[in-house]
Amino acid sequence: MRFNEKELVSLSRQPSEMAAELGMRGPKKGDVVKKRLVKLVVNFLFYFRTDEEEPIGALLLEQCRVEREDSQSFSITFLDEAERKYLFECDSEEQCGEWMDSIIKASYEFMRKNLIFYRTEIHRLTGKDPLEQYGISDETRFQVSNGLQLAPSATSSL
């Protein structure tokens, strides 16, 4: 996927859902854990050297898996590149859980599944499609496939 570097830098300066200095190890063999400022902005995880304003990298949090490694660390791997694993070390078990939860909820797919679930529930309770008033009720990306009811869940795959 290609990105405009200036737009990414601009996005990295937007208010973040979460930000903290975490230990981070990249996916390359021989990478070591380094302190990085990590910022979650929409569905991007930006990481910075602690003394710099521009990010040195960004992870698009789509099609990835978030897994707890131990009580104070978690990893992010991408479904199409399972060997590309990023490790993050937190200061506490609580902080680790908060980061994992926020990253899981940041993906477009998670938000889409929630929209479908709540749309279905509202329709069941009221008999009306809540998206109809916005003219998007027939868009396929907001449809439940094969008649299955999708419920939001805190799964680790995005």
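Residues numbered from 1 in each chain as written. Predicted model: local features only at pLDDT ≥ 70, side-chain atom pairs only at ≥ 80, totals over all residues. Heavy atoms only, no water.

Where an unreviewed UniProt entry is consulted, the protein chain appears under the name Pleckstrin homology domain-containing family J member 1, with the organism given as Scophthalmus maximus.

So, on to the pairing of strand E2 (residues 34–41). Sheet analysis places strand E1 (residues 18–25) next to E2, joined by seven bridges and oriented antiparallel. Looking across to E2, one finds that Ala20 is bridged to Val38. Pairing analysis gives six bridges linking E2 to strand E3 (residues 44–49), with the strands arranged antiparallel. Each bridged residue has a counterpart across the sheet, and for Arg36 the counterpart in E3 is Arg49. (Pairing = 2+ DSSP bridges. Helix = DSSP H or I, 4+ residues; strand = E, 2+ residues; numbered from the N terminus.)

On inspection of all chains with the given rule, the structure shows four aromatic pairs. Plain terms: the ring middles of Phe78 and Tyr86 are 6.4 Å apart, the flat faces sit at 85° to each other, and that makes the pair edge-to-face. Across the pair, exposure class does not vary: Phe78 and Tyr86 are buried alike. Measuring from ring centre to ring centre gives 4.9 Å for Phe117 and Tyr118, while their planes differ by 75°; the resulting arrangement is edge-to-face. Looking at Tyr118, the relative accessible area reads 47%, which means it is partly exposed. (Phe/Tyr/Trp six-rings, centres within 6.5 Å; stacked < 30°, edge-to-face > 60°. Buried < 20%, exposed > 50% of the residue type's maximum accessible area, 1.4 Å probe, protein only.)

In a regular helix each residue adds 1.5 Å, so 19 residues correspond to 27 Å; helix H3 (residues 108–126) covers 26 Å between its end C-alpha atoms and thus fits that length. Turning to H3, its buried residues are Phe110, Arg112, Asn114, Ile116, Arg119 and Thr120. Elements that come into contact with the buried residues of H3 comprise helix H2 (93–105). (Expected span 1.5 Å × (residues − 1). Contact = heavy atoms within 4.5 Å.)

Moving on, we get to the sheet that holds strand E6 (residues 73–78). By definition, the strands of a sheet pair up through backbone hydrogen bonds, in either a parallel or an antiparallel sense. Here we have seven strands laid out as an open sheet, ordered E4-E3-E2-E1-E7-E6-E5, and antiparallel in their pairing. The open sheet has two edge strands with one neighbour each: strand E4 (57–60) and strand E5 (64–70). The average angle at which neighbouring strand axes cross in this sheet is 35°, direction not considered. Contacts from helix H1 (residues 5–12) reach E2 and E3, with the element oriented near 85° to E3. (Axes fitted to C-alpha atoms, helices over the stretch in contact; angles between N-to-C directions.)

Moving on, we come to the environment of Leu11. Looking at where Leu11 falls in the secondary structure, it is placed in helix H1. Under the relative-accessibility criterion, Leu11 is labelled partly exposed at 23%. Sequence spacing of Leu11 and Phe46 is 35 residues, and the spatial spacing of their C-alpha atoms is 9.4 Å. Leaving out residues up to four positions away in the same chain, Leu11 has contacts with Val41, Val42, Phe44 and Phe46.

Let us look at the pattern of salt bridges. Here the structure, examined in full by the defined rule, presents eight salt bridges. A salt bridge links Glu54 to Arg13, with the nearest nitrogen and oxygen atoms 3.7 Å apart. Taken together, the positions of Glu54 in the loop between E3 and E4 and Arg13 in the loop between H1 and E1 put the pair 41 residues apart, joining distant regions of the chain. By relative accessible area, Glu54 is classed as partly exposed at 42%. Across the pair Arg119 and Asp129 runs a salt bridge, and its minimum N-O distance is 2.6 Å. You can see Arg119 sitting in helix H3 and its partner Asp129 sitting in the segment after H3, a full ten residues away along the chain. Considered together, Arg119 and Asp129 belong to a single accessibility category, that of buried residues. (Salt bridge = Lys/Arg side-chain N within 4 Å of Asp/Glu carboxyl O.)

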